[in-house]
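One-letter residues, chain by chain:
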Amino acid sequence: MSDYLIFFTTILAAGVASGTPVLYATIGEVFSERAGVLNLGVEGMMLMGAVTAFRVSHVTGNPWLGLAMGILVGGLFSLLHALVSITLRGDQVVSGLALTFVGFGMSSVIGWPLIDVRDAPRLPAFDIPLLADIPVLGKIFFQHSVVVYIGFLLVPLAWFIINRTRPGLHMRAVGEYPAAADALGIHVDRLRYLYVLVGGLLAGMAGASLTLAITPLWIEGVTAGQGWIAVGLVIFAGWDPFRAAFGSYLFGAIRRLPLDLQGAPVLPWNLHLILRDPLLNYFTNMLPYLFTIAVLVIGSREAMRKKLGAPAALGTPYIRGERGV
Amino acid sequence: MESSAKVDVPAVDMRGIVKRFPGVLANDHVDLTVYEGEVHALLGENGAGKSTLMNILSGLYQPDEGEIRVRGERVSFGSPKDAIRQGIGMIHQHFMLVPSFSVAENIMLGMDEPRFLLDPQKIEGTVRELSERYNLDVDPSSKIWQLSVGEQQRVEVLKMLYRGATILIMDEPTAVLTPQEVEDLFQTLRGMAKSGHTIIFISHKLDEVLAIADRITVLRRGRLEAAGVEASSVTKKELAHLMVGREVLFRIEKKPAKAGEVVMEVEDLQAEDDKGLPALKGVSLQVRSGEILGLAGVAGNGQRELAQAICGLRPVMGGVVRVHGKEVTNAAPVVLIKEGVAYIPEDRHGVGSVPNLSVAENLALRNYRWPPIGNGWRINRVALRKQAVELVQTFDIVTPSIDTPSRLLSGGNLQKMILARELSGDPRVVIAVHPTRGLDVGATEAVHRLLLQERDQGAGVLLISEDLDEILSLADRIAVIYEGQIMSVVDAEDADIEELGLQMAGTRVGAGAEKGEA
Amino acid sequence: MSTGTEGLVSGNPGPRSWRVKIERRLEQPRWLMWISPIILILAALAVGAVLLSIVGVDPRLAYSRIFSAAFGTPAGWLRGEIYPLSDTTVKATPLILTGVGVALAFRMRMWNIGAEGQLFIGAWATTGVALHLLSPETSPWIMIPAMMLAGFLGGALYGAIPGVLKAWLNVNEIITTLMLNYVAIFFNNYFIYGPWALRGFGLSPRFPRNAWLPRLMDLSDRFPIFRGLTAHLGILFGVAAVVVVWYILKYTKWGYEIRVIGDNPEAARYAGMNLKRNIVLVMMVSGGLAGLAGMSELSGVVHLLQERFSPGYGFTAIIIAWLAKLNPWGVILVSYLFGGLLVGGDQIQPFGIVQMLNGIILFVVIGGELLLQYRVRILRPERIVERAAEASGS
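Conventions we followed
Residues numbered from 1 in each chain as written. Chains lettered and ligands numbered in written order. Predicted model: local features only at pLDDT ≥ 70, side-chain atom pairs only at ≥ 80, totals over all residues. Heavy atoms only, no water. Helix = DSSP H or I, 4+ residues; strand = E, 2+ residues; numbered from the N terminus. Contact = heavy atoms within 4.5 Å. Areas by Shrake-Rupley, 256 points an atom, 1.4 Å probe, with all protein chains shown as cover. Domains from an automatic or database assignment. Buried area = accessible area lost by both parts, 1.4 Å probe. Salt bridge = Lys/Arg side-chain N within 4 Å of Asp/Glu carboxyl O. Polar contact = N/O pair within 3.5 Å; in protein donor to acceptor, adjacent residues only side chain to side chain. Nonpolar A, V, L, I, M, F, W, Y, C, P; charged D, E, K, R; others polar. Expected span 1.5 Å × (residues − 1). Bend = angle between axes of the 7 residues up to and from the residue. Core = buried A, V, L, I, M, F, W, Y, C linked by side-chain atoms within 4.5 Å. Buried < 20%, exposed > 50% of the residue type's maximum accessible area, 1.4 Å probe, protein only. Axes fitted to C-alpha atoms, helices over the stretch in contact; angles between N-to-C directions. Parallel < 35°, antiparallel > 145°, perpendicular 65-115°, else oblique. Left-handed = near helix turned anticlockwise from the far one by under 90°.

1. Observations concerning the overall build of chain C
- In terms of helices and strands, chain C carries 14 helices and 3 strands.
- Across chain C, the fraction of contacts at a sequence separation of at least 24, relative to all contacts at a separation of at least 6, is 75%.
- As displayed, chain C offers around 16100 Å² of accessible surface, 65% of which is attributable to carbon and sulfur atoms.

This is the structure in structure tokens:
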């Protein structure tokens, strides 16, 4: 029995860790979309954050400096999207795609010399005193890298800012009905820039936490679609940080499955041998992506049923004083 | 200055205001002088530049030329916040309220206090106080989308009063109200004027302007026609001439109806709105050939849903739709098109036209499937262009060419294009929803003429409008809808405005007139 | 044409500070539509040069290498070398097929970002037919059409999945098509490392000769100038696809419906068009063309199934479609440009440089679209002098 317990505890603990980068990215996208800007460039911003953090950490030996630079570069990158989609009123979908292309290409150029690096300093991991000793839960939640703990704090903080503060109110107004906000003197474009930037900073953080803690190495396209998964999780989460956290950790557990199944406990009818078969990996590797499609279906159905969903002005630039279309 | 009572400094003084938009000179050296404590009407047709001028005064637009003085002081507004700081608040025609927010949240939006933490209770208390003082009843904790249009308007007024606005601009505030609600609003406005507030009242309705305003400024095509004339010194006819620039007929020439058999009927129709709430609660109506049935009611009482449910664009949850005796409940829209049902939707840009396609292609939207335009799986472009040339001429659509994208047409010509498309195939049933909303007098007359012409040719017309005057002048029979139910159906000759107004607000009057109850 | 009053001077005191005013043009001037792509690409290369310098690559060297590999050198032209053009054609072939498919979907505002996955599934189906379904001796007149059909159907069915999800469950197709790209690649890997593996190398066995598309070099006995040229029949598939899609859009009811739905789905519903069926159909044709690209690439170039036979054709297709303004004929032109970039990209390391340039080009194009739709006017303080800063001028 305890074999199974250990197995599941390990999966869930690994899930919390490997879901953390996606969590940052998802919450960042929640901010951006709540303000009305769809940013499909999360993957690109994450990659830029990841490669910058890794390279800075490798060169300076200081992972904290790496983290800071990763966040910063993610933010700077998001401003490209802000410029094109807010000021220049380009198509938000295509601009986000472009951001991903640039991020992918640029990160692979920057990361070229890092391919074989295995010894870049990582961010520290530690057990939380007392809490880590709780059976099962301690292992799942409180024996992790520092980035995982910061993630725990970020979720309620994001919820609070969105729902209980004046800046949050203004952000939601800009995403729901920018003309109303504008008529009251709220600077629509300025706020949209701000929250696209917040989204970029968090995407940078997502990338940095990946290469500095969760999978500490650099390969081209190391994020493997996690930025896209974040965009999907935002819909599943109904633009709510707590549901985003739930989705992210679940995703994390599924993502780790191919690895964890290698250590599957003995099961009746030799099922464990099937689970440990390396060829099965090609299918378990698909699971995170199929999972994302599945949660999207759930999220979309719910939105249709409850007749609520995306911020009303999501994806549309705001133009004041233009007449007739 | 012919103003006698007010000799002090004007509350608002706008001089030589010019505002250009691409392709339009919206304001051409316009002046406006408004004194404290008066109700000042800004009169003009749709597109005359009234809203633009007021958007400038409320800080939303910056003028290209001209100067603004508030209480004698030269001002320059960079944002609505600057205008509010000077006590100027505008209530837009399309309410600027976030539907998913509560009343209190909408009211505190954009305020400098509180700096960070929201305290809804405190705000709700203040709002409650304010609403009692001005007799503007509304529950601060309810969400905007749950409120009626009249309540939403009160929220808008409260929002401005909460900000300490003393100069209140109201853009077409009566368009969405019942006659009784209009009277209530006028009461409130008079009360506010008496207590020292200044009110600028934008309208294109002459009777209203004469009823509420102390003085009147008239705009036509972005130009000043009359500046601050005393309301007591002009007649309706003079105002109409100033507004339109020619003589206006207040009554439409109309032959008596020759109503025939029933061409379209709905029985106990039920449907939901976009939020999944019941919007039609058992509607029964009959439209006969050769008549116009006018459906009166305040917007948002199920009119849109009724039109969509009939045309197959919204699922019918219960009841029956028949066209020429044939049941078409929940039929695909194309079936209704085949049955000869023409539909003039309320949203010309969002539903009625395809903005980036050419006028010619827009005109084919209804009949592209069939010869001569549709030819097997192909489209005959020659026939498509030929049809466009003919319709543009017959219906007098002003467009640079038939290849011009329809988004470049003016509102009136866009509507003529939609009418040309819908009416050219000799429809048996016409469903027209708010067909003249936002059009100027000329275009409105053209639309009315076309609808009457259809009627005289034997089509049954269901005219859905929130403009009671329009219904009274066009319809042969009048039905009133309120919260998804038909309150009454009467012959136009027997209609009484007072009664219709009460029914639009949900009060049942008289006996025996009721029909269509579930 | 542009409107508004130029050079207007007013006696009134104007705004007190510099102001930038952005206003929409009612219609685009024709000259601008022709020149703009060239200006935009030059601007993109300039931005790219800056970014390349930042990351430590000499832009002049990178650009000159790319150009000479893609389009040849003046010295080469004089010697009559046409192999750069042939190489570029090879790369442009899958780009045209995927690009025109993506453009078709985009015309209906269906964001098919899944051409890469559809291409892989098309390639997989092709391989199944060439290696396992038909015997190696099958006549090419049967083999090749069967492979084309398999490739198209594979891509079409794979494209239908997000179409169905979108049509009936309103699931965002951007994410689903993207996720299915990853799924397709794992699916493919399973076969080339598992059942179809050749000694566990991640490669399938080589296709029989009868499953190869004819290449120019096959004609070198008769035309010596074609010696060593690898351009293959697939380019004709591409051109045919462009003609068909152009015809559909302009001269058929279905094309009319696609254009109406793409511009205003509400109006389409109102006109009685079947949105669900059209969504699935468009996704199938779009995916089918990507699948055909996979077939043409395998049958014409690689001759076996492997892990990395596509340098992101399906993604580049998105950029191509947009740059071509969703015009089928434009796709051919732009595909050659990006094909050249790919050929040149093989000459420089890392490959990311090309992807970076691709992204930058797309960025500059969408940012630049504003300059076509809007005019930027700068209002000077005091004296209002309006100056139209045209897209080309500034």
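2. With respect to the domain arrangement of chain C
Residue and element names in this part refer to chain C.
- Each domain of chain C was delimited in the assignment, giving domain 1 (1–57 + 349–394) and domain 2 (94–347).
- Between domain 1 and domain 2, the contact holds 15 residues from the first and 12 residues from the second.
- Summing the contributions of domain 1 and of domain 2, the shared interface buries around 1200 Å²; its carbon and sulfur component is 74%.
- On the domain 1 side of the interface with domain 2, the three residues burying the most area are Phe351, Asn358 and Leu362, jointly 38% of the side's total.
- The tally of links from domain 1 across to domain 2 stands at 0 salt bridges.
- Across the domain 1-domain 2 interface, the total number found is 0 residue pairs in polar contact (both at pLDDT 80 or more).
- Of all the elements in the fold, those that place two or more residues in the side of domain 1 that touches domain 2 are α1 (30–54) and α14 (352–373).
- Per element, the largest residue contribution to the side of domain 1 that touches domain 2 is 10 residues, and it comes from α14.
- In terms of residue class, the side of domain 1 that touches domain 2 is built from 10 nonpolar, 4 polar and 1 charged.

3. Let's talk about the interface of chain C and chain A
- Facing 46 residues of chain C, the contacting portion of chain A comprises 49 residues.
- In this assembly, chain C packs against chain A so that about 4200 Å² is buried in total across both faces, 83% of it on carbon and sulfur atoms.
- Of all residues in chain C, Met179(C), Phe186(C) and Phe363(C) bury the most surface against chain A, accounting for 16% of the area lost on that side.
- Summed over the shared surface of chain C and chain A, the result is 2 residue pairs in polar contact (both at pLDDT 80 or more).

4. Some thoughts on the interface of chain C and chain B
- Every contact between the two is made by 32 residues of chain C and, on the other side, 42 residues of chain B.
- With both sides pooled, the region where chain C packs onto chain B buries about 3200 Å², and carbon together with sulfur makes up 53% of that total.
- By the criterion of area lost to chain B, the three top residues of chain C are Lys253(C), Tyr256(C) and Tyr270(C), representing 26% of everything that side buries.
- Viewed at the interface, chain B and chain C are joined by 1 salt bridge.
- Linking Glu361(B) and Arg259(C) is a salt bridge whose minimum nitrogen-to-oxygen distance equals 2.8 Å.
- Here chain C is connected to chain B by 19 residue pairs in polar contact (both at pLDDT 80 or more).
- Here the side of chain C that touches chain B gets 6 residues from one element, more than from any other, and that element is helix α9 (residues 253–263) of chain C.
- Along the lines of polarity and charge, the residues of the side of chain C that touches chain B split into 11 nonpolar, 7 polar and 14 charged.

5. Some words on helix α11 (residues 241–261) of chain A
Residues and elements named next belong to chain A.
- In this model, α11 (21 residues) spans 30 Å end to end at C-alpha, consistent with the 30 Å of a helix rising 1.5 Å per residue.
- Its axis deflected by about 35° at Arg255, α11 carries its strongest bend there, up to four residues before the proline Pro258.
- For α11, the N-terminal cap is Asp240; the gap from its side-chain oxygen to the backbone nitrogen of Phe242 is 3.2 Å.

6. Structural notes on the pattern of salt bridges
- In the structure shown here, the tally under the stated rule is 42 salt bridges over all chains.
- Each of Asp274(B), Arg304(B), Arg314(B), Glu346(B), Arg437(B) and Glu466(B) takes part in salt bridges that share partners, so that together they form one network.

7. A look at unusual backbone geometry
- Here Pro371(B) and Pro372(B) are connected by a cis peptide whose omega angle stands at 5°.
- Structurally, Pro372(B) is set in the loop between α12 (359–363) and β17 (374–375).
- Within the chain, Ala224(A) stands out as a residue other than glycine whose phi angle is a positive 50°.
- Mapped onto the secondary structure, Ala224(A) falls in the loop between α9 (188–214) and α10 (226–236).
- For Glu172(B), which is not glycine, the phi torsion reads 45° and is therefore positive.

8. A few points about the nonpolar core
- In this structure, Leu285(B) and Ile431(B) are the most contacted members of the largest nonpolar core, which totals 335 residues.
- Here this core gets 13 residues from one element, more than from any other, and that element is helix α11 (residues 275–302) of chain C.
- When residues no more than four places from it in sequence are discounted, the contact partners of Ile431(B) are Ala307(B), Ile310(B), Cys311(B), Val341(B), Ala342(B), Tyr343(B), Ile344(B) and Leu462(B).
- If you look at the next biggest cluster of nonpolar residues, it comprises 29 residues, including Val12(B), Phe21(B), Val75(B) and Ile169(B).

9. Quick word on the packing of helix α2 (residues 59–71) of chain C against helix α13 (residues 328–345) of chain C
Residues and elements named next belong to chain C.
- Relative to each other, α2 and α13 sit at 115°, their axes nearing to 7 Å. In terms of axis orientation, α2 runs roughly perpendicular to α13. In this structure, the crossing between α2 and α13 has a hand that is right-handed. In this structure, α2 contributes Ile66, Ala69, Ala70 and Phe71 to the contact, and α13 contributes Tyr336, Gly340, Leu341, Val343, Gly344 and Gly345.
- Across the contact of α2 with α13, the residue classes break down as 7 nonpolar, 3 polar and no charged.

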